[in-house]
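# Summary of the model geometry
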Amino acid sequence: MMKTLTILTFLAAFPAGMALADDDDCFVPMADWQPREAVAALAAKNGWSVRRIKIDDGCYEIDGRDAAGRRIEVTLQPATLQVLQIEYEDHEEDGIRKGGKVKSHD
């Protein structure tokens, strides 16, 4: 009986622990991802110059510069190309904007 109770307690707590996982991670099957060309097109549409497009924690990440020439690191959800985070790297006072307003991907 005690073993069953322990297992049930663990299973009940497991989904709560999953909710505490890092929300910067993207969990999308690769078959649902937009191609890198679509990421590059989104960057061009927003006036970003791309130095590198990489994958980090299952998300697309663009390293480059914005239209004003500031270094940026943009995290994108790979299936929708929704901007999850924009980090301005060379201006400490700018800090990090989450869900920044940018033109959407058509």
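Just so you know, these numbers come straight off a predicted model, no measurement behind them.

### Notes on unusual backbone geometry
We note that aspartate 57 has phi near 55°; this positive angle belongs to a residue other than glycine. Along the polypeptide, aspartate 57 turns up in the loop between β1 (49-56) and β2 (59-65). You can call aspartate 57 partly exposed: its relative accessible area is 44%. Despite not being glycine, leucine 81 shows a phi value in the positive range, around 60°. With relative accessibility at 3%, the residue leucine 81 sits in the buried group.

### Observations regarding the pairing of β2
The element β2 is largely enclosed, with a buried count of six among its seven residues. Once β1 ends, the chain turns through two residues before running back antiparallel as β2, passing aspartate 57 with a positive phi of about 55°. Pairing of β2 with strand β3 (residues 71-76) involves six bridges; the strand directions are antiparallel. Following the sheet pairing, isoleucine 62 is matched in β3 by valine 74.

### Structural notes on the packing of aromatic side chains
In this structure the tally under the stated criterion is one aromatic pair. With 5.0 Å between their ring centres and 65° between their planes, tryptophan 33 and tyrosine 60 make a pair best called edge-to-face. Here tyrosine 60 lies in strand β2 and tryptophan 33 lies in the loop between α1 (2-19) and α2 (36-45), a separation of 27 residues in the sequence. In terms of burial, tryptophan 33 and tyrosine 60 fall into one category: buried.

### Notes on the pattern of salt bridges
One pass over the full model with this rule turns up four salt bridges. Aspartate 66 is the partner of arginine 70 in a salt bridge, and the nearest nitrogen-oxygen pair spans 2.9 Å.

### Quick look at α2
When α2 is considered as a whole, its buried residues turn out to be Ala38, Val39, Leu42 and Ala43. For α2, the arc enclosing every buried residue in end-on projection is 140°, short of the 170-degree limit, so these residues lie on one face. Of the exposed residues in α2, those oriented more than 90 degrees away from the buried face are Glu37 and Ala44. Where the residues of α2 are buried, they touch β1, β2 and β3.

Calculation rules
Residues numbered from 1 in each chain as written. Predicted model: local features only at pLDDT ≥ 70, side-chain atom pairs only at ≥ 80, totals over all residues. Heavy atoms only, no water. Helix = DSSP H or I, 4+ residues; strand = E, 2+ residues; numbered from the N terminus. Buried < 20%, exposed > 50% of the residue type's maximum accessible area, 1.4 Å probe, protein only. Pairing = 2+ DSSP bridges. Phe/Tyr/Trp six-rings, centres within 6.5 Å; stacked < 30°, edge-to-face > 60°. Salt bridge = Lys/Arg side-chain N within 4 Å of Asp/Glu carboxyl O. Arc of directions from axis to C-beta. Contact = heavy atoms within 4.5 Å.

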